[in-house]
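# Inside the fold
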Amino acid sequence: MSLFSFADLVMPLISFPYRARVLGVDNFGTLILIQIFFVYLCLIIDFGFNISGLRLIAVNKENNEIISKTYSSIIIIKTLLGVFVYLIALQFFIYIYPDPNFVSYFNLSSGVLFGQIFFARWLFQGLDDFKSLVIISLISKSIFTFLIFVLLKDENDLNTALIIHSIGGVLLGLFSVSIVFFKYKIKIVIPKFSYLINVLTDSSKVFWSLLVSNFYLNLTPIFLDKFLGKSDVAFYGIADKLVQVMKMSYNVITQVTFPTISNLISKNIIEGVNYTITSIKISIVLPTLLFILTLFFGEYFIVIIFGNQYLGASIYLKIMSILPLICSLSSFSLNGLYSLKLDHYITKILGIGLFVFILSFFIMSKLNISIFLILPIILTELVISILAFRKLISFKN
């Protein structure tokens, strides 16, 4: 699973500084902003299936009939959602969004939506087939990285960068489908409408909780663009990417232990909760060390990797480097609550988090200091972590 995380995050990171240097601050900020919009679109297409689908597969991994029916149902739903999302987003960029260039940017990047529809990460994780995940990610991300270095030449190549991202998405989907059909011999069946509704309903609570959490997490660069401009979006994007790398220090453990947590809690709640708490204790060690290092050496990391033109990202990085420590607590706690099927409570927690984000952002924006605009994320994650962990440990008794 660590190899999958390497391919999924570190491989694109190899080309990340190159894209930043070649495209320049403003164009790179535009690229970051486009990717943020696609995060929202992909979130709608996924509809929480990376969690609900994993749960269904994990508890039925020996039943090929249910696996085929579940896979078919989720792919059908995601395809319909993909078509819907594309049409709605296209109208948004044509008639509402102020930058007319975004219509072209959206179409050039739309292959990412194809990849989101057909990449069955939830299936492979539910079957404990991390080898297939590694193969798919390594090949598709290697091709993506190769194309970036070969085709991206100067700041006028923003469209080229978007097309390469689109190709990466298409490859991810195609490789996933190939393994599903040729390795697992899964057949596409037409499930009953009632089964489709059950699968959709089961995932809806997960979807809303994920939508709420990602809504506030990805609003920051959009607000930065509105209040400050593309350069600050670029600075934030660089800091956020490095923070994502830092989050690998616990993400690997989170992804590997989630199926185990689900199985343990389904058999013995107290044992599963204790296992989750032990995982939290282990996972916070490395994020703590990384936070301390970043506080002292953050600006050196930025200048060495990205160049002097991105020195403004160092203050963003130093402040945001506390997030992996906070998020390691919330990630495991929420996984435990998902395994307990407390989706409604999770949605409530994230709703509180969204309220905290909006309120704190309103207050910070009035202070008219740009760096304060990222503090609401930290405050929101802290509130969510505390509420989720308190709920989780209540099941120990």
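Worth saying up front: this structure is predicted, and the values here are computed from it rather than measured.

### Focus on the overall build of the chain
Counting its regular elements, the chain contains 17 helices and 0 strands. Relative to its length of 397 residues, the chain is compact, with a C-alpha radius of gyration of 21 Å against a globular reference of 21 Å. Dimensions of the chain along its principal axes, counting C-alpha atoms only, are 55 × 45 × 40 Å. Here the chain holds 397 residues, and the buried ones make up 55% of them. Put simply, 83% of the contacts in the chain that link residues at least 6 apart link residues at least 24 apart. Of the roughly 17,500 Å² of accessible surface on the chain, a fraction of 69% belongs to carbon and sulfur atoms. Averaging the locations of the 28 positively and 19 negatively charged side chains of the chain gives two centres separated by 9 Å.

### A few points about the packing of helix H12 (residues 269-283) against helix H15 (residues 323-339)
Two elements in contact, H12 and H15, have axes separated by 9 Å at closest approach and are oriented at 160°. Taken together, the axes of H12 and H15 are roughly antiparallel relative to one another. Viewed along their axes, H12 and H15 form a crossing whose handedness is right-handed. Listed contacts from H15 to Thr276, Ser279, Ile280 and Ser283 of H12 are Ser328, Leu329, Phe332 and Ser333. Grouping the constituent residues of the contact of H12 with H15 by class yields 3 nonpolar, 5 polar and no charged.

### Considerations on the nonpolar core
Residues Phe28, Tyr71, Leu123, Ile238 and Tyr310 are the most contacted members of the largest nonpolar core, which totals 120 residues. Element by element, the count of residues in this core is highest for helix H1 (residues 2-46), at 19 residues. When near neighbours in sequence (up to four residues on either side) are disregarded, Phe28 contacts Phe16, Arg19, Ala20, Leu23, Ala234, Ile238 and Tyr310.

### Brief notes about the environment of Ile305
Positionally, Ile305 belongs in helix H13 (residues 285-306). Here the alpha-carbon distance between Ile305 and Val25, two residues 280 residues apart in the chain, equals 14 Å. With sequence-adjacent residues up to four places away left out, Ile305 is seen in contact with Pro17 and Arg21.

### Structural notes on the packing of aromatic side chains
The full count for this structure, using the stated rule, is 22 aromatic pairs. A ring pair is formed by Phe37 and Phe102, whose centres lie 5.9 Å apart and whose planes are at 80°; its orientation type is edge-to-face. Of this pair, Phe37 sits in helix H1 while Phe102 sits in helix H4 (residues 101-109), and the two are 65 residues apart along the sequence. By relative accessible area, Phe102 is classed as buried at 2%. Considering the side-chain rings of Phe47 and Phe207, the 4.3 Å spacing of their centres and the 15° angle between planes classify their relative orientation as stacked. In this pair, Phe47 sits in the loop between H1 and helix H2 (49-59) while Phe207 sits in helix H9 (residues 193-217), placing the two residues 160 residues apart along the sequence. Assigned by exposure class, Phe47 and Phe207 land together as buried.

The rules behind these values
Residues numbered from 1 in each chain as written. Predicted model: local features only at pLDDT ≥ 70, side-chain atom pairs only at ≥ 80, totals over all residues. Heavy atoms only, no water. Helix = DSSP H or I, 4+ residues; strand = E, 2+ residues; numbered from the N terminus. Rg over C-alpha atoms; globule rule 2.2 N^0.38 Å. Buried < 20%, exposed > 50% of the residue type's maximum accessible area, 1.4 Å probe, protein only. Contact = heavy atoms within 4.5 Å. Areas by Shrake-Rupley, 256 points an atom, 1.4 Å probe, with all protein chains shown as cover. Lys, Arg positive; Asp, Glu negative; His and termini not counted. Charge placed at Lys NZ, Arg CZ, Asp CG, Glu CD. Axes fitted to C-alpha atoms, helices over the stretch in contact; angles between N-to-C directions. Parallel < 35°, antiparallel > 145°, perpendicular 65-115°, else oblique. Left-handed = near helix turned anticlockwise from the far one by under 90°. Nonpolar A, V, L, I, M, F, W, Y, C, P; charged D, E, K, R; others polar. Core = buried A, V, L, I, M, F, W, Y, C linked by side-chain atoms within 4.5 Å. Phe/Tyr/Trp six-rings, centres within 6.5 Å; stacked < 30°, edge-to-face > 60°.

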